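# Breakdown of the fold
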Amino acid sequence: MTTFAELTTLRVGGGARRWVEARNCDDIVSAASAVRGTGENWIALGGGSNLLAADSEFDGTVIRVLSEGIQIESEGADRTLVHVQAGHSWDDFVSWAVINGLGGVEAMSGIPGTVGAAPVQNIGAYGQELAEVVHSLTFWDEQRDDVVTLTNADMDFSFRHSILKGARRGIVLDITFALTRVGTGPEALGRPIMFEQLASALGVAVGASEPLGAVRDRVLELRCSKGMVLDANDPDTFSVGSFFVNPIVSERFSRTLPADAPRFPVGEDEPPRYLAPGEDVPPLSTQPRAIKLSAAWLIEQAGVRKGFALPGSGAAISSKHALAITNRSAATADDVFQLAKYVQAMVQSSFGVLLLPEPTLVGLSL
Ligand SMILES: Cc1cc2nc3c(=O)[nH]c(=O)nc-3n(C[C@H](O)[C@H](O)[C@H](O)COP(=O)(O)OP(=O)(O)OC[C@H]3O[C@@H](n4cnc5c(N)ncnc54)[C@H](O)[C@@H]3O)c2cc1C
């Protein structure tokens with residue numbers, strides 16, 4: 001019997017009433033449309049890297065999106081449109097783009113999962129996010145039972161969010177990306193590096209540009225050091241990556257936190273940054289501003305350390321990253337869930353911030 005434990009990176013979760021493997025757009029649409037007709041529950045499954053399913057059986061159909069393929073659609077002066085099937089491995093696509101001298105996704109190297117799931121939470125890392133490169137996508141819309149084209153503007157992208165996180169149910173069939181042709185030589189440079197840690201790993205200043213391949217290599221190194229690249233020999237990677245979303249709070253609320261809490265102003269004109277050591281918190285701006293906090297910092301300061309496990313549990317906080325909950329030794333979904341609840345309660349009672357889960361929960365609610 002197939003189980004979520006076999007098909008998810010957390011390696012937990014029970015079976016489902018029915019599993020369907022769909023290898024092309026037509027198969028995906030006919031499987032989804034057929035389930036819709038029965039009124040049964042269903043869920044799409046890509047690489048299972050952002051999903052926590054309960055130990056009990058899912059009373060519905062799991063549609064596994066397994067379509068693959070990359071195709072250049074058009075070459076323009078300022079952009080190259082590339083069409084990718086939903087089931088294609090995200091990192092395989094990034095690697096292809098880098099090898100072919102196409103910029104825009106290189107800092108998102110090493111993120112597990114499929115291309116089709118990437119817009120669901122607007123994946124991002126090291127200063128790049130999906131919303132910057134999506135031109136449009138083809139989508140089976142459950143409400144209409146029809147295939148529609150959604151433009152970037154239709155997606156309502158924001159930090160780890162899109163319209164597909166709840167508001168619009170359906171399945172992404174393929175995505176057209178708008179990438180920048182930069183070439184492959186050492187003189188062919190990608191987008192400016194906007195993430196301090198990555199700039200420092202590359203030995204350049206924030207805002208400098210580096211060759212795509214160098215960016216990809218450094219990002220993969222940084223991610224490996226945090227257990228953020230899947231590795232069958234490293235249990236720190238048996239996770240969903242970050243379990244909680246970095247919370248966004250008002251500037252006024254952020255001032256109730258200790259002075260050394262990392263704060264990233266979320267503004268259109270202002271790139272995110274840490275306050276320099278010793279720098280005063282700037283005066284309140286006249287405009288209300290939103291501030292992104294570091295969930296990892298909140299968790300550690302609430303007393304939940306890397307490697308922490310509840311007694312008798314197979315789940316533990318990653319030994320490399322406080323934000324990842326990992327399956328150490330035959331954990332159950334309940335082990336993972338109880339640890340997540342514990343972390344949530346510790347942060348809420350210490351700082352008054354409710355951390356929200358990043359992965360899709362199936363048969364569970366946090
Ligand atoms: C080690 C590790 C590191 C990670 N690092 C990052 C990171 O740096 N940045 C980041 O943003 N994320 C990160 N993640 C999370 C995860 O990789 C991404 O969210 C990824 O996009 C999930 O893809 P998936 O195919 O595995 O989705 P799944 O886990 O299969 O599904 C996730 C959600 O998307 C839905 N879904 C899947 N396919 C489709 C489709 N074709 N159409 C519509 N809905 C669909 C599912 O129903 C579910 O709700 C990390 C995860 C791990 C395990």
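Position numbers for residues start from 1 in each chain and track the written sequence from start to end. Residues qualify for local features only when their pLDDT is at least 70, as the model is predicted, and side-chain atom pairs are given and counted only at 80 or more; totals for whole chains, interfaces and linings, by contrast, use all residues.

## Overview of the domain arrangement of the protein chain
The cut-off we apply is this: Domain delimitation in this document rests on an assignment produced automatically or drawn from a domain database. Note on contacts: residues are paired as contacts if their backbone-placed C-beta atoms lie within 7 Å. Each helix is a run of DSSP H or I of at least 4 residues and each strand a run of E of at least 2, with the numbering of both proceeding from the N terminus.
Assigned domains of the protein chain: these are domain 1 (4-65) and domain 2 (70-225). Each partner contributes to the interface: domain 1 provides 14 residues, whereas domain 2 provides 15 residues. Elements with a contribution of two residues or more to the side of domain 1 that touches domain 2: helix H2 (25-38) and strand E4 (58-65). Sort the elements by how many residues they give to the side of domain 1 that touches domain 2 and H2 lands first, with six residues.

## Description of the environment of glutamine 301
Note the cut-off: Exposure classification rests on a simple neighbour count of other C-beta atoms within 10 Å of a residue's own: a residue reaching 20 or more is buried, one at 12 or fewer is exposed, and one in between is partly exposed. C-beta atoms are placed from the backbone.
Turning to its location among the elements, glutamine 301 is positioned in helix H7 (residues 295-301). Judged by local crowding, glutamine 301 falls into the partly exposed class, with 18 C-beta atoms found within 10 Å. With 19 residues separating them along the chain, glutamine 301 and lysine 320 place their C-alpha atoms 16 Å apart.

## Description of H2
This is how it is decided: In a helix, the anticipated span is given by 1.5 Å times the number of residues less one.
Across its 14 residues, H2 extends 20 Å between first and last C-alpha, which sits within 8% of the 20 Å expected from 1.5 Å per residue. Its buried side turned inward, H2 meets strand E1 (16-22), strand E2 (41-45), E4, strand E10 (134-141) and strand E12 (170-181). Just past H2, the residue glycine 39 takes up positive phi, approximately 75 degrees.

## Some points on the site of the ligand
Stated formally: Using a C-beta atom placed from the backbone, a residue is scored as near a molecule or strand whenever that atom is within 6 Å of it. Each residue receives one of three labels: charged for Asp, Glu, Lys and Arg, nonpolar for Ala, Val, Leu, Ile, Met, Phe, Trp, Tyr, Cys and Pro, and polar for the others, Gly being one of them.
The immediate surroundings of the ligand are formed by 34 residues, with Gly46, Gly47, Gly113, Gly116 and Gly241 found nearest. Considering each element in turn, the shell around the ligand owes the most residues, three residues, to E2. By residue class, the composition of the shell around the ligand is 19 nonpolar, 15 polar and no charged. Mapping the shell around the ligand onto the domain boundaries places at least three of its residues in each of domain 1 (4-65) and domain 2 (70-225).

## Re the sheet that holds E4
What counts here: Criterion used throughout: strands pair if DSSP finds at least two bridges between them. Every angle, taken between N-to-C directions, lies between 0 and 180 degrees, and every axis is a line fitted to C-alpha atoms, over only the stretch in contact when it is a helix.
Judged by pairing direction, the sheet is parallel, and its three strands sit side by side in the order E1-E4-E2 without closing on themselves. With partners counted over all chains shown, the strands left at the sheet margins are E1 and E2, one partner each. Here the average twist between neighbouring strands, direction ignored, is 20 degrees. With six bridges connecting them, E1 and E4 associate as parallel partners. Pairing of alanine 16 across the sheet is with phenylalanine 58, part of E4. Helix-sheet contacts for H2 involve E1, E2 and E4, and the interaxial angle to E4 is about 165 degrees.

## Notes on the nonpolar core
Defined as follows: Under the definition applied here, buried Ala, Val, Leu, Ile, Met, Phe, Trp, Tyr and Cys residues are grouped into a nonpolar core through C-beta atoms within 7 Å.
One finds Ile28, Ile63, Ile171 and Val336 to be the most contacted residues of the largest nonpolar core, which totals 96 residues. Lining this core are residues from two domains, each supplying at least three of them: domain 1 (4-65) and domain 2 (70-225).

## Concerning the sheet that holds strand E15 (residues 290-293)
Strand order in the open sheet formed by three strands is E13-E15-E14, with antiparallel pairing between adjacent strands. The sheet is open, and its two edges are formed by strand E13 (248-250) and strand E14 (263-266), each paired on a single side. Between one strand and the next, the sheet's axes are offset by a mean angle of 40 degrees, whatever the strand orientation. The pairing of E13 with E15 spans three bridges and is classified as antiparallel.

## Structural notes on helix H5 (residues 212-225)
Residue pairs three or four apart in sequence face the same way in an α-helix, which turns once every 3.6 residues. Given a rise of 1.5 Å per residue, 14 residues ought to cover 20 Å, and the 20 Å separating the end C-alpha atoms of H5 matches this to within 8%. Within the span of H5, buried status applies to Leu212, Val215, Arg216, Arg218, Val219 and Leu222. Taken from the residues just after H5, glycine 227 is the one with a positive phi, measuring 70 degrees.

## Concerning the environment of alanine 118
For alanine 118, the location among the structural elements is in the loop between strand E7 (102-103) and strand E8 (124-125). Taking the C-beta count within 10 Å as the criterion, alanine 118 has 29 such neighbours and is therefore assigned buried. Residues alanine 118 and glycine 46, 72 residues apart in the sequence, show an inter-C-alpha distance of 9.7 Å. In this view, alanine 118 contacts Trp90, Gly113, Ile123 and Leu130; residues no more than four positions away in its chain are not counted.

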